[in-house]
Amino acid sequence: MAEHKNRWSWDVTGFEPWKSSPSSSPPVDQVDRKPTAPLVRRYSVSPSSVLPPQSKQSTASKVQRLQERLKVLHVPLYEYFHFDRSVLLVELSFYVVSFATLFKSCANSIIRYFVQLAKEDHLQLRHEVSELQEYSNAKLDRVTRYLGVLAEKTRKLDQVALETEARISPIINEKRRLFNDLLTSKGNIRVFCRTRPSFEDEGPSVVEFPDDYTIRVNTGDESLSNTKKDFEFDRVYGPHVGQAELFNDVQPLVQSALDGYNVSIFAYGQTHSGKTHTMEGSSYDRGLYARCFEELFDLANSDTTSTSQYKFGVTVCELYNEQTTDLLLESGKSMPKLCFGSPECFVELVQEKVDNPLEFSRSLKAAFQSRGNDLSKINVSHLYGLNSMLMLCMIIL
Ligand SMILES: Nc1ncnc2c1ncn2[C@@H]1O[C@H](COP(=O)(O)OP(=O)(O)OP(=O)(O)O)[C@@H](O)[C@H]1O
């Protein structure tokens, strides 16, 4: 009954809500949810303009009734509980103070709790930090001790190496001596003969190679019982022998030079016989200069004994018409000049320091450029049987 009483009544003309009656409701697919009066009209039009004059009075009475009911519903709290206003205020202030006190003590407890938690975390972190510090100190200690052990081992190894070197040094010297004796036993001066391939306009070849030490020349002299003459050398190289094979026989001399012996390679022959090809060669078929010095650097680098340290200097000059021309210019890499000849008659030549084969080939290239291509020297040499001579010295310090 009360529930029915408290329910809001909507029976105001123009505010009729749409009601669905189960009997009159259309099937779901045919539902037309249009209200009897458009929504806009129900909520936007004022009742005075819509209501007929006769219903205005009944509406006013309804509003009056509603206001009375609202009054009943909105009875002030203090009346409902039979409280005096001042008593309620005192009560309320008491509750507010109590609540504030309670809130304060709660907040204090919460703050204390969090502070406690933070303290515990802090303590735990400090504990972890000290543990980590201990661990790292122990590690550092071990690494330091290990480094000390390694340093001691290295020192001992160095000492052993020095002792071994001191012990094997005489053996190495003996080996060098024997090696060079062996070379010398082959002859202090050795003469090799190399023949180049014949050119087309030179006709058929007049030489034969019966073995590696003999060259047989067909003299063409029919008066002789044997038109062919044999010449013997320390080694004979036929036209098929390449630069690398030729270098194999020169290689031991490079070791000999590094061991401190003076070594000289002298190319001699008539014009166009192949001297330049043998000594200089070309970029794609390098001759003895490049091969010998590469070998020299390789041997020096592979010599790991602590006592041996090598420095290389190069000097290039030209002998022509009894005149000596220095082919190297002084540069930042120049060493003290090299003195050639006797005290009465000598020449001073630029000596350039070379630290690797690349620098060596650069110096050589510069020297060849200084030499130029003077054809008159060749013509003169044809006339007098003298050609200009190139002299290249590699000084090992
Ligand atoms: N072993 C060889 N194989 C192939 N070609 C060669 C060989 N020896 C020399 N030649 C060629 O023969 C020609 C003459 O050689 P090269 O210039 O070396 O003679 P040369 O003795 O230095 O002459 P010159 O005394 O006039 O300076 C060159 O074209 C060179 O390439």
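- Going by an unreviewed UniProt entry, the chain carries the name Kinesin motor domain-containing protein and comes from Arachis hypogaea.
- For the chain, the Sequence similarities (unreviewed entry) comment in UniProt is given as "Belongs to the TRAFAC class myosin-kinesin ATPase superfamily. Kinesin family."

1. Thoughts on the pairing of strand β6 (residues 312–320)
Then step 1. Taken across its nine residues, β6 has eight buried, putting it largely inside the fold.
Then step 2. Note that β6 and strand β9 (residues 346–354) share three bridges and pair antiparallel. Considered in β9, the bridge of glycine 313 is made with lysine 353.
Then step 3. Relative to strand β10 (residues 389–396), β6 is paired through eight bridges, and the arrangement is antiparallel. Residue pairing for β10: glutamate 318 is matched across the bridge by leucine 390.

2. Brief notes about the side chain of glutamate 359
Then step 1. Structurally, glutamate 359 can be placed in helix α10 (residues 357–371).
Then step 2. With a relative accessible area of 18%, glutamate 359 lands in the buried category.

3. Thoughts on the site of the ligand
Then step 1. In the vicinity of the ligand there are 13 residues, among which Thr271, His272, Lys275, Thr276 and His277 approach most closely.
Then step 2. Between the ligand and histidine 272 there is a distance of 3.0 Å, counted from an oxygen atom to a backbone nitrogen or oxygen.
Then step 3. Here the ligand has 620 Å² of accessible area as a free molecule, and 71% of this is covered by the chains.
Then step 4. In terms of residue count, the dominant contributor to the shell around the ligand is helix α8 (residues 275–279) (three residues).
Then step 5. Tallied by class, the residues present in the shell around the ligand amount to two nonpolar, eight polar and three charged.
Then step 6. Lining the shell around the ligand are residues from two domains, each supplying at least three of them: domain 3 (191–241) and domain 4 (256–396).

4. A word on the sheet that holds strand β2 (residues 207–211)
Then step 1. Here we have three strands laid out as an open sheet, ordered β2-β3-β4, and antiparallel in their pairing. Of all the strands in the sheet, just β2 and β4 (228–232) have a single pairing partner and so form its edges. Put simply, the sheet's adjacent strands are angled 30° from each other on average, direction ignored.
Then step 2. Bridging between strand β3 (residues 214–218) and β4 involves five bridges; their strand directions are antiparallel. Note on β4: the bridge partner recorded for arginine 216 is aspartate 230.

5. What to know about the packing of helix α7 (residues 243–258) against helix α9 (residues 288–302)
Then step 1. At a minimum axis distance of 9 Å, the contact between α7 and α9 shows a crossing angle of 45°. Relative to α9, the element α7 lies oblique. When you trace α7 past α9, the crossing you get is right-handed. On α9, the residues touching Gln243, Ala244, Leu246, Phe247, Val250, Gln251, Val254, Gln255 and Leu258 of α7 are Leu288, Arg291, Cys292, Glu295, Leu296, Leu299 and Ala300.
Then step 2. Residues that form the contact of α7 with α9 fall into these classes: eleven nonpolar, three polar and two charged.

6. Overview of the pairing of strand β7 (residues 323–326)
Then step 1. Relative to β7, β6 runs antiparallel, the two being bridged by four bridges. Counterpart to glutamate 318 in the pairing with β7 is threonine 325.
Then step 2. The turn linking β6 back onto β7 is made up of two residues, and asparagine 321 within it adopts a positive phi angle of 55°.

7. Here we look at the side chain of glutamate 352
Then step 1. Examined against the element boundaries, glutamate 352 turns out to sit in strand β9.
Then step 2. Within the local environment of glutamate 352, its side chain forms a polar contact with the side chain of serine 363, the two groups lying 2.8 Å apart.
Then step 3. In this structure glutamate 352 touches Phe312, Gly313, Val314, Leu328, Leu329, Ser331, Lys333, Ser334, Met335 and Ser363, once residues within four positions along its chain are discounted.

8. Some details on the UniProt feature "binding site: ATP" (unreviewed entry) in the chain
Then step 1. Annotation from UniProt places "binding site: ATP" (unreviewed entry) at Gly269, Gln270, Thr271, His272, Ser273, Gly274, Lys275 and Thr276.
Then step 2. Tracing the backbone shows glutamine 270 in the loop between α7 and α8.
Then step 3. Exposure remark for glutamine 270: the relative accessible area of 65% places this residue in the exposed category.
Then step 4. Relative to the assigned elements, serine 273 resides in the loop between α7 and α8.
Then step 5. Judged by its relative accessible area of 25%, serine 273 is partly exposed.

9. Some points on the packing of aromatic side chains
Then step 1. Evaluation of the coordinates by the stated rule reveals eight aromatic pairs.
Then step 2. When the centroid spacing of 4.0 Å and the interplanar angle of 55° are considered together, the rings of phenylalanine 293 and phenylalanine 360 count as tilted. A residue pair is termed long-range when its members are at least 10 positions apart, and phenylalanine 293 in helix α9 and phenylalanine 360 in helix α10 qualify at 67 residues. Note on accessibility: phenylalanine 293 and phenylalanine 360 belong to one class, buried.
Then step 3. Members of the aromatic cluster, joined through ring pairs, are Phe297, Tyr310 and Phe312.

10. What to know about the pattern of salt bridges
Then step 1. On inspection of all chains with the given rule, the structure shows eleven salt bridges.
Then step 2. Between glutamate 152 and arginine 155 there is a salt bridge whose closest N-O contact spans 2.8 Å. Residue glutamate 152 and its partner arginine 155 are located together in helix α6 (residues 85–185), separated by three residues, close to a single helical turn.
Then step 3. Under the relative-accessibility criterion, glutamate 152 is labelled partly exposed at 33%.
Then step 4. Here arginine 155 falls in the partly exposed class, since its relative accessible area comes to 44%.
Then step 5. Of the charged contacts, one joins glutamate 202 and arginine 196 as a salt bridge, the two residues approaching to 2.8 Å between their closest N and O atoms.
Then step 6. Judged by relative accessible area, which is 41%, glutamate 202 ranks as partly exposed.
Then step 7. The partly exposed category is assigned to arginine 196, whose relative accessible area is 26%.
Then step 8. Overlapping salt bridges bring together Glu174, Arg177 and Asp181 as one network.

Calculation criteria
- Numbers given for residues are sequential positions, taken from 1 along each chain in its written order.
- Where local features are concerned, this predicted model is filtered to residues with pLDDT of at least 70; where side-chain atom pairs are given and counted, the filter is 80 or more; whole-chain, interface and lining totals use all residues.
- The side-chain values count all of the structure's non-hydrogen atoms but skip hydrogen atoms and water molecules.
- UniProt positions are given in the numbering used here, feature names are shortened, and annotations may be inferred rather than shown by experiment.
- Burial classes follow relative accessibility: with a 1.4 Å probe on protein chains only, a residue under 20% of its type's maximum area counts as buried, one over 50% as exposed, and anything between as partly exposed.
- Runs of H or I in DSSP of at least four residues are treated as helices and runs of E of at least two as strands, each being numbered from the N terminus.
- Note on pairing: two strands pair once DSSP finds at least 2 bridges between them.
- Any residue with a heavy atom positioned within 4 Å of a molecule or strand is treated as near that molecule or strand.
- In protein, a polar contact requires one atom able to donate a hydrogen and another able to accept it; more generally it is a pair of N or O atoms within 3.5 Å, and residues adjacent in sequence count only if both atoms are side-chain atoms.
- Accessible areas in this description were obtained via Shrake-Rupley with a 1.4 Å probe; residue shielding takes into account the shown protein chains only.
- Here the nonpolar group is Ala, Val, Leu, Ile, Met, Phe, Trp, Tyr, Cys and Pro; Asp, Glu, Lys and Arg are the charged ones; every other residue, Gly included, is treated as polar.
- All domain edges in this entry derive from an automatic or database-based domain assignment.
- Between N-to-C directions, angles span 0 to 180 degrees; the directions come from axes that are lines fitted to C-alpha atoms, helices contributing only their stretch in contact.
- Should an angle fall under 35 degrees it is taken as roughly parallel, and over 145 as roughly antiparallel, whereas 65 to 115 is taken as roughly perpendicular and any remaining angle as oblique.
- Whether a crossing is left-handed or right-handed is set by the direction in which the near helix is turned from the far one by less than a right angle, anticlockwise for left-handed and clockwise for right-handed.
- Residue contacts are defined here by distance: any two heavy atoms, one from each residue, within 4.5 Å place the two residues in contact.
- Between the rings of Phe, Tyr and Trp (Trp by its six-membered ring), a pair exists once the centres lie within 6.5 Å; its type follows the angle of the planes, with under 30 degrees stacked, over 60 edge-to-face, and the other angles tilted.
- In what follows, salt bridge is the name for a side-chain nitrogen of Lys or Arg lying within 4 Å of a carboxyl oxygen of Asp or Glu.

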